[in-house]
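Okay, here's what each chain looks like letter by letter:
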Amino acid sequence: MNYTSNTRHQLLQLCYIRTVTIFGQSGLLLYLFFALHVTLNFWLIAFALLAMALLNLLSLLRLRSPMPLTQLEFFFQLVADIAFYVCLLYQMGGVGNPFSALLLIPLIISATSLPRHYTWLTALLVIISYSLLMHFFIPINLPDTGHQHQAAALLNLHLAGMWINFILTAILITWFVVNIRDNLQRQELKLNRARASNLRNQQLLSLATMAAGTAHEMGTPLATMRVLLHEIKLDHSDDTELLEDIGILQAQVENCSDRLKHLADSVQQEQKESRLLPARQFFDEIMDRWLLMRPTANFTPVIFNLSGEPAIYSSIPLQQAFINLLNNAADASDKPLKIEVSSDSQQILFTLLDQGPGIPLEQAEKLGSPFITTKGKGLGIGLFLTASALDSYGGEVRLFNHPEGGTLTEVKLPVIQESQKNGH
């Protein structure tokens with residue numbers, strides 16, 4: 001059997017249409033019976049309307065069930081509607097009833113909701129029903145006021161009914177089709193987001209694979225450089241300036257070796273170091289760590305405008321995301337960076353303003369994609385990894401050209417709620 005995510009939504013719309021139909025037909029029945037004194041089988045018609053109302057109630061209860069709703073089940077819902085419409089029209093003049101167009105509503109719903117074979121079956125049932133109602137029906141008879149007057153009254157009643165039916169049908173079709181269109185647009189948006197997320201995950205996997213391979217391959221040349229630097233240091237033990245340069249190179253080689261070593265167990269390290277921190281403490285630690293890596297960084301004191309005590313889940317990817325942004329801003333300009341952290345009840349806003357050349361317009365929309373960079377020597381993966389890390393925590397990063405020059409970087413992160421804190 002086929003299952004679709006839209007079937008529940010379509011059944012809910014069908015229940016709304018049934019409700020309008022039941023009230024409309026009930027009002028018409030009362031008007032004919034009490035106002036015009038038309039001879040009708042009142043109880044049989046009332047029974048059909050009550051049965052339709054019962055089906056509507058059962059359908060609403062069915063929507064609360066966790067069991068999946070199949071297309072076949074929805075098709076039988078439409079068949080039941082056709083049967084109810086036939087019962088009502090049979091008692092009230094057949095196809096001469098101006099509300100006979102109600103038979104088209106199940107067909108329209110089927111055409112916009114179900115596969116082709118169900119729609120053709122629905123069309124066949126509607127055609128057969130309409131054809132039978134042309135020959136088998138109970139005519140509507142007004143009180144005997146003379147043949148001419150009765151014919152004129154029937155004509156007026158028919159025209160009034162057609163006018164009311166046209167208005168109701170136009171409203172129902174417009175409302176239903178608009179809902180279908182909006183639902184399709186929402187599904188398309190979800191699909192596009194899923195495709196973008198899948199593409200980003202594939203790109204991340206490719207980068208991770210390349211990083212793992214590079215980490216394995218870099219072990220040998222780093223070991224060779226370590227041995228050569230040691231030998232050069234022994235051969236030139238009397239050259240003080242050279243020894244200082246060699247010491248710096250050795251420190252950098254060891255730093256690279258340590259980073260590659262940590263890369264292998266980064267997942268375990270992330271699980272150990274991930275913790276919930278107050279936002280102020282999180283950003284203070286970020287700045288301290290960044291200053292150790294970049295002691296010559298130039299920035300004004302961080303401005304905090306926090307509402308309450310918001311918290312952040314501190315993890316290695318999230319820390320590295322902010323360090324990447326700080327490094328990019330520092331690379332763009334030697335002038336002091338302006339950093340501000342603010343928050344409200346919903347989100348934390350981190351803003352970073354550099355005084356560099358800004359973002360080229362032709363690259364503004366592509367930033368955040370892999371291998372897109374504004375730096376001539378950059379690899380173009382820093383901002384991509386930053387955006388991916390923030391997205392996994394429900395955040396986002398945006399870069400703008402500031403009116404006064406430079407680039408304004410904005411990072412938004414959701415505020416951790418109390419229930420999330422307790423569950424952590």
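Bear in mind that the values here come from a model prediction, so they are computed numbers and not experimental data. Counting of residues starts from 1 at the beginning of each chain's written sequence and follows it residue by residue. Given that this is a predicted model, residues contribute local features only at a pLDDT of at least 70 and side-chain atom pairs are listed and counted only at 80 or more, while totals for whole chains, interfaces and linings are drawn from all residues. Heavy atoms from the whole structure form the basis of all side-chain values; hydrogens and water molecules are not counted.

Caption draft 1: Spotlight on the UniProt feature "transmembrane region" (unreviewed entry) in the protein. UniProt positions are given in the numbering used here, feature names are shortened, and annotations may be inferred rather than shown by experiment. Mapped onto this structure's residue numbering, the UniProt feature "transmembrane region" (unreviewed entry) falls at residues 12-34, 40-60, 121-140 and 160-180. The secondary structure listing takes helices from DSSP runs of H or I that are at least 4 residues long and strands from runs of E that are at least 2 residues long, numbered from the N terminus. Between the end C-alpha atoms of residues 40-60 the distance is 31 Å, and the span holds 90% helix and 0% strand. Secondary structure across residues 121-140 divides into 65% helix and 0% strand, with the first and last C-alpha atoms of the span separated by 31 Å.

Caption draft 2: Focus on the nonpolar core. Each nonpolar core is a collection of buried residues, namely Ala, Val, Leu, Ile, Met, Phe, Trp, Tyr and Cys, held together in the definition by side-chain atoms within 4.5 Å. Think of it in three bands: with a 1.4 Å probe and only protein chains considered, a residue is buried below 20% of the maximum accessible area for its type, exposed above 50%, and partly exposed in between. Judged by nonpolar contacts, the single largest core of 37 residues is most densely connected at Leu40, Ile45, Phe74, Leu103 and Ile109. Only helix H1 (7-35), helix H2 (42-63), helix H3 (71-91), helix H4 (104-113) and helix H5 (116-133) provide two or more residues apiece to this core. Any two residues whose heavy atoms approach within 4.5 Å at even a single point are treated as in contact. Those residues in contact with Leu40 that sit more than four places away from it in its chain are Leu29, Leu32, Phe33, Ile45, Gln91 and Ile140. With 31 residues, the next largest nonpolar core counts Phe282, Met287, Ala321 and Ala389 among its residues.

Caption draft 3: A look at H2. Expected helix span is taken as 1.5 Å per residue step, with the number of steps being one fewer than the number of residues. For H2, which comprises 22 residues, the first-to-last C-alpha distance of 32 Å matches the rise-based estimate of 32 Å (1.5 Å per residue) to within 8%. Among the residues making up H2, those that are buried are Phe42, Ile45, Ala46, Ala48, Leu49, Met52, Leu55, Asn56, Ser59 and Arg62. Elements in contact with the buried residues of H2: H1 and H3.

Caption draft 4: Region of the structure containing the sheet that holds strand E7 (residues 407-414). A pair of strands is considered paired only if DSSP assigns at least 2 bridges between the two. Strands sit in the order E2-E4-E5-E7-E6 across an open sheet of five strands; the sheet is mixed. For this open sheet the edge positions go to strand E2 (303-305) and strand E6 (396-401), each flanked by a neighbour on one side alone. Along the sheet, successive strands turn relative to each other by an average axial angle of 15°, direction set aside. In this sheet, strand E4 (residues 338-343) lies alongside E2 in parallel orientation, the contact comprising three bridges. Lines fitted to C-alpha atoms define the axes here, with helix axes fitted over just the stretch in contact, and angles between the N-to-C directions of these axes take values from 0 to 180 degrees.

Caption draft 5: Molecular detail of the packing of aromatic side chains. Pairs were defined over the aromatic rings of Phe, Tyr and Trp, the Trp ring being its six-membered one, requiring ring centres within 6.5 Å. Orientation was assigned from the angle between planes: stacked under 30 degrees, edge-to-face over 60, tilted for the rest. Scanning all chains against the criterion turns up nine aromatic pairs. With a centroid separation of 5.3 Å and 85° between ring planes, the pair formed by Phe42 and Trp43 is classed as edge-to-face. The class of Trp43 is exposed, set by a relative accessible area of 69%. Among the aromatic side chains, those forming a connected cluster through ring pairs are Phe282, Phe283, Phe322 and Phe350.

Caption draft 6: Seen up close, the side chain of Arg18. Mapped onto the fold, Arg18 is located in helix H1. Beyond its immediate stretch of four places on either side in the chain, Arg18 contacts Met52, Leu55, Asn56, Ser59, Gln77 and Asp81.

Caption draft 7: Structural context of the confidence of the model for the protein. You can read pLDDT as the predictor saying how much it trusts each residue, on a scale of 0 to 100. Per-chain confidence: the protein averages 77 in pLDDT, with 74% of residues scoring 70 or above. Mean pLDDT per element in the protein: helix H13 (residues 418-423) is the minimum at 49, and E4 is the maximum at 92. Low confidence marks residues 368-372, where pLDDT is under 50. Its contacts with residues over four positions away, or in another chain, come to 15 contacts.

Caption draft 8: Region of the structure containing H3. With 21 residues, H3 extends 31 Å between its outermost C-alpha atoms, agreeing within 8% with the 30 Å of an ideal straight helix rising 1.5 Å per residue. Taken as a whole, H3 has its buried residues at Gln71, Phe74, Phe75, Gln77, Leu78, Asp81, Ile82, Phe84, Tyr85, Leu88, Leu89 and Gln91. Against the buried residues of H3 lie H1, H2, H4 and H5. Positive phi appears at Gly93, one or two residues downstream of H3, with a value of about 100°.

Caption draft 9: Here's a closer look at the pattern of salt bridges. For salt bridges, the criterion is a side-chain nitrogen of Lys or Arg within 4 Å of an Asp or Glu carboxyl oxygen. Enumeration according to the criterion identifies five salt bridges in this entry. In this structure, Asp81 engages Arg18 in a salt bridge whose closest nitrogen and oxygen atoms are separated by 2.7 Å. Within this pair, whereas Asp81 is found in helix H3, its partner Arg18 is found in helix H1, the two being separated by 63 residues in sequence. The pair formed by Asp81 and Arg18 is uniform in burial state, with each residue classed as buried. Ionic pairing is found between Arg294 and Asp331, a salt bridge with its closest N-O pair at 2.5 Å. In this pair, Arg294 is assigned in the loop between helix H9 (279-293) and E2 and Asp331 in helix H10 (residues 316-332), connecting sequence segments 37 residues apart. Accessibility expressed as a relative area gives 41% for Asp331, which makes it partly exposed.

Caption draft 10: Representation of empty space enclosed by the protein. In this analysis, the protein atoms alone were mapped onto a 1 Å grid. Cavities are point sets where a 1.4 Å probe fits without being able to get out; pockets are open sets with protein on both sides within 12 Å along at least five of seven lines; lining residues have an atom within 4 Å of a point. Grid points are joined across faces, edges and corners, and a volume is the space filled by probe spheres set on the points. Using the criterion set out here, one finds two cavities of 30 Å³ or more in the structure. Approximately 40 Å³ is the volume attributed to the second largest cavity. Lining the second largest cavity are Gln25, Tyr85, Leu88, Leu89, Met92, Asn97, Phe99 and Leu102. Of all the elements, H3 adds the most residues to the lining of the second largest cavity, at three residues.

Caption draft 11: Seen up close, the packing of H1 against H3. Closest axis-to-axis distance for the H1/H3 pair is 11 Å, and the angle between their directions is 10°. Relative to H3, the element H1 is oriented roughly parallel. Residues Thr7, Gln10, Leu11, Leu14, Arg18, Thr21 and Gln25 of H1 form the contact with H3, whose participating residues are Gln71, Phe74, Gln77, Leu78, Asp81, Tyr85 and Leu88. Ten residues, namely Ala, Val, Leu, Ile, Met, Phe, Trp, Tyr, Cys and Pro, are considered nonpolar, four, namely Asp, Glu, Lys and Arg, are considered charged, and the remaining ones, Gly among them, are considered polar. Along the lines of polarity and charge, the residues of the contact of H1 with H3 split into six nonpolar, six polar and two charged. Should an angle fall under 35 degrees it is taken as roughly parallel, and over 145 as roughly antiparallel, whereas 65 to 115 is taken as roughly perpendicular and any remaining angle as oblique.

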